[in-house]
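# Descriptive structure summary
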Amino acid sequence: MAKILVVTSGKGGVGKTTTSAAIGTGLALRGHKTAIVDFDVGLRNLDLIMGCERRVVYDFINVINGDATLTQALIKDKRLENLYVLAASQTRDKDALNIEGVEKVINELKENFEYVICDSPAGIEKGAHLAMYFADEAIVVTNPEVSSVRDSDRMLGLLASKSRRAENGEEPIKEHLLLTRYNPERVTKGEMLGVEDVEEILSIRLLGVIPESQAVLKASNQGIPVILDEQSDAGQAYSDAVDRLLGKEIAHRFLDVKKPGFLQRLFGGRE
Amino acid sequence: MSQADLLDQEPVFQLKGSMLAITILELVQNDLERLDRQLAAKVEQAPAFFSNTPLVLALEKLPENGAGLDLAELVALCRKHGLRTLALRASQPQLIEAAGRFDLPVLPPSGARERSLDPAAKPAPAAKPTEPEHRPSRVVTTPIRGGQQVYAQGGDLIVMAAVSPGAELLADGHIHVYGPLRGRALAGIKGNPNARIFCQQLAAEMVSIAGSYKVAEDLRREPLWGKAVQIGLSGDVLNITRL
């Protein structure tokens, strides 16, 4: 049975789309047939991060309205066999989404894929609500700062009360916390919330900590999901998160300040 | 046009619609003697209520639709007790005809909601005072997130998890939080000054008991901020004490 995963946060700019692209690609890399769906109608970004923006013909709204079939609209990734992207419409807004249409598309995706990743827009309105409504699991992306934590908390409340599982009284959505843009140095200085602080406030299971990294911006601009950059700390951290999502027990990395090496201290080199 | 003509055209009346609350006497038995006695007893309870009170007589609930009822006597009886009959509600032809003779309008049977009206508060049943009803406490085991509101009506609220900033707990009774309390907690919201708030870690945005409150700015100055405390009301001052 396919799993519907929503990547959500409440707050904008915390890394939902980067995470959707990385986690989706990671699952496909491990042999699971995965589709990533962009719910951010009107502010389409996922195709850019995935590097398939030049191949978008039909989008999510076209499928909902019956203008195109799902097979026509799904964009196959050029790097990975098992990876597909369903782009959002750039010319419409969130009102073009409706619950029946989304359900129809999700059900059709469930028949053909092992994982469906729903990339939620920011906010708690219609787009975000529909992105999480049919979810089985949720990855709540949070930055280590108070406003992001508060918005994530609000989103967790909605996941627990406004999803299909909640409304039908079924087993609740499984919630995972993904802390992104983490900078251990600034945590030590007291400028940023630490992992423990965020975990304590949100009290959900920690899926991973993605360190703040130059690699993320570079990857976004090149249209390559950062998880494919195996040299980068962010890529490795996302890799660990995917393994944890699949049930492996892996210790968290990148939580402590890197001690500069002997030569670095000597020559004051920068990484 | 002369002055008189103009005056003549000036309207002398207006038609208006209005809703009035009217007492309806619904007769269920054709027994005027008993009615007389029972009405007299009612009048004794509340004489002011029965002085020239407009009344509609409802007769459609009578057995056989009220056939054989002496309408003249009924109206006179009501008059005697201070009730002045305005109209009749009946479906039986004889009664409708009788109403015509008394020049009483006949109203259609009512489908509208009516509530029974008691002129005087019933003397409290002399029997034993009723036991206060036990309302079960509301128990919540999952975290309460910002934006969520939980209300324990008529009882206590017990939360077995964290309460996030922006969440709101309401209870008519006590509030217990077995986790950090970071949101708002309002106990005794119907005005019960004996309600209390108990929590494992006081980090609340606001606490209130029966309307007396303290916000985070004041709470943070408390030496017990962050500790396990109970909060109670004495007079109109919130007392925070260590648990």
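A brief report on the enclosed structure follows.

What counts and how
- Residues numbered from 1 in each chain as written.
- Chains lettered and ligands numbered in written order.
- Predicted model: local features only at pLDDT ≥ 70, side-chain atom pairs only at ≥ 80, totals over all residues.
- Heavy atoms only, no water.
- Contact = heavy atoms within 4.5 Å.
- Salt bridge = Lys/Arg side-chain N within 4 Å of Asp/Glu carboxyl O.
- Polar contact = N/O pair within 3.5 Å; in protein donor to acceptor, adjacent residues only side chain to side chain.
- Phe/Tyr/Trp six-rings, centres within 6.5 Å; stacked < 30°, edge-to-face > 60°.
- Helix = DSSP H or I, 4+ residues; strand = E, 2+ residues; numbered from the N terminus.
- Buried < 20%, exposed > 50% of the residue type's maximum accessible area, 1.4 Å probe, protein only.
- Pairing = 2+ DSSP bridges.
- Axes fitted to C-alpha atoms, helices over the stretch in contact; angles between N-to-C directions.
- Parallel < 35°, antiparallel > 145°, perpendicular 65-115°, else oblique.
- Left-handed = near helix turned anticlockwise from the far one by under 90°.
- Nonpolar A, V, L, I, M, F, W, Y, C, P; charged D, E, K, R; others polar.
- Expected span 1.5 Å × (residues − 1).
- Arc of directions from axis to C-beta.

## Some words on the interface of chain A and chain B
Each partner contributes to the interface: chain A provides 12 residues, whereas chain B provides 12 residues. For the interface between chain A and chain B, the tally reads three salt bridges. A salt bridge links A:E200 to B:R182; its shortest N-O distance comes to 2.8 Å. In this assembly, chain A and chain B are joined by six residue pairs in polar contact (both at pLDDT 80 or more).

## Some words on the packing of aromatic side chains
All names here are of chain A. Under the defined criterion, the tally for this structure stands at three aromatic pairs over all chains. Arranged with centres 5.0 Å apart and planes meeting at 75°, the rings of F39 and F60 form a pair that is edge-to-face. On the criterion of sequence distance, the pair formed by F39 in the loop between β2 (34-38) and α2 (46-50) and F60 in helix α3 (residues 60-64) is long-range, its members being 21 residues apart. Assigned by exposure class, F39 and F60 land together as buried. Measuring from ring centre to ring centre gives 5.5 Å for Y84 and F113, while their planes differ by 75°; the resulting arrangement is edge-to-face. Of this pair, Y84 sits in strand β4 (residues 83-86) while F113 sits in the loop between α5 (99-112) and β5 (115-119), and the two are 29 residues apart along the sequence. A relative accessible area of 18% places Y84 in the buried class.

## With respect to the pattern of salt bridges
Residue and element names in this part refer to chain A. Scanning the entire structure with this criterion turns up 20 salt bridges over all chains. Linking D243 and R30 is a salt bridge whose minimum nitrogen-to-oxygen distance equals 2.7 Å. Here the residue D243 occupies a position in helix α12 (residues 233-245), and R30 occupies one in the loop between α1 (16-29) and β2, the gap between them amounting to 213 residues. Using a relative accessible area of 13% as the deciding quantity, one classes D243 as buried. A relative accessible area of 27% places R30 in the partly exposed class. A salt bridge links D77 to R79, with the shortest nitrogen-to-oxygen separation between them at 2.9 Å. Residue D77 is classed as buried on the basis of its relative accessible area, which comes to 7%. Accessibility expressed as a relative area gives 38% for R79, which makes it partly exposed.

## Let's talk about the sheet that holds strand β7 (residues 174-182) of chain A
Residue and element names in this part refer to chain A. Across the sheet, which stays open at both edges, the eight strands sit in the order β3-β4-β2-β5-β1-β6-β7-β8 with mixed pairing between neighbours. Each end of this open sheet is capped by a strand with a single partner; those strands are β3 (75-76) and β8 (205-211). Contacts between α1 and the sheet are confined to β1 (3-8), β2, β4, β5, β6 (137-142) and β7, with β5 contributing the most and set at about 170° to the helix. Docked against the sheet, α12 engages β1, β6, β7 and β8, running at close to 165° with respect to β8.

## Observations concerning the packing of helix α7 (residues 146-161) of chain A against helix α10 (residues 195-202) of chain A
Residues and elements named next belong to chain A. For the pair α7 and α10, the least separation of the axes is 10 Å and the interaxial angle reads 30°. Classed by the angle they form, the pair α7 and α10 counts as roughly parallel. The element α7 and its partner α10 pack so that their crossing is right-handed. On α10, the residues touching V149, S152, D153 and L156 of α7 are V198, I201 and L202. Taken together, the residues of the contact of α7 with α10 break down into five nonpolar, one polar and one charged.

## Some thoughts on the pairing of strand β9 (residues 175-181) of chain B
Residues and elements named next belong to chain B. Summarising burial for β9: six of the seven residues are buried, a large majority. Pairing analysis gives three bridges linking strand β7 (residues 157-159) to β9, with the strands arranged parallel. Pairing of L157 across the sheet is with I175, part of β9. Here β9 runs beside strand β11 (residues 197-202); their pairing, made up of five bridges, is parallel. For I175, the partnering residue across the bridge sits in β11 and is I197.

## A few points about the packing of helix α2 (residues 32-45) of chain B against helix α3 (residues 71-80) of chain B
Residues and elements named next belong to chain B. Taken N-terminus to C-terminus, the directions of α2 and α3 make an angle of 10°; their axes are 10 Å apart at the nearest point. Classed by the angle they form, the pair α2 and α3 counts as roughly parallel. Counted together, L32, L35, D36 and L39 of α2 and E73, L74, L77 and K80 of α3 form the full contact between these two elements. Among the residues forming the contact of α2 with α3, the class breakdown is five nonpolar, no polar and three charged.

## So, α2(B)
Residues and elements named next belong to chain B. Look at α2: 20 Å from first C-alpha to last across 14 residues, which is about the 20 Å you get at 1.5 Å a residue. Among all positions of α2, only L32, L35 and L39 are buried. The arc that holds the buried residues of α2, viewed along the axis, is 45°, so those residues lie on one side. In this structure, α2 carries E33, R37, Q38 and E44 as exposed residues pointing more than 90 degrees from its buried face. Along its buried surface, α2 packs onto β1 (23-26), α3 and β3 (83-89).

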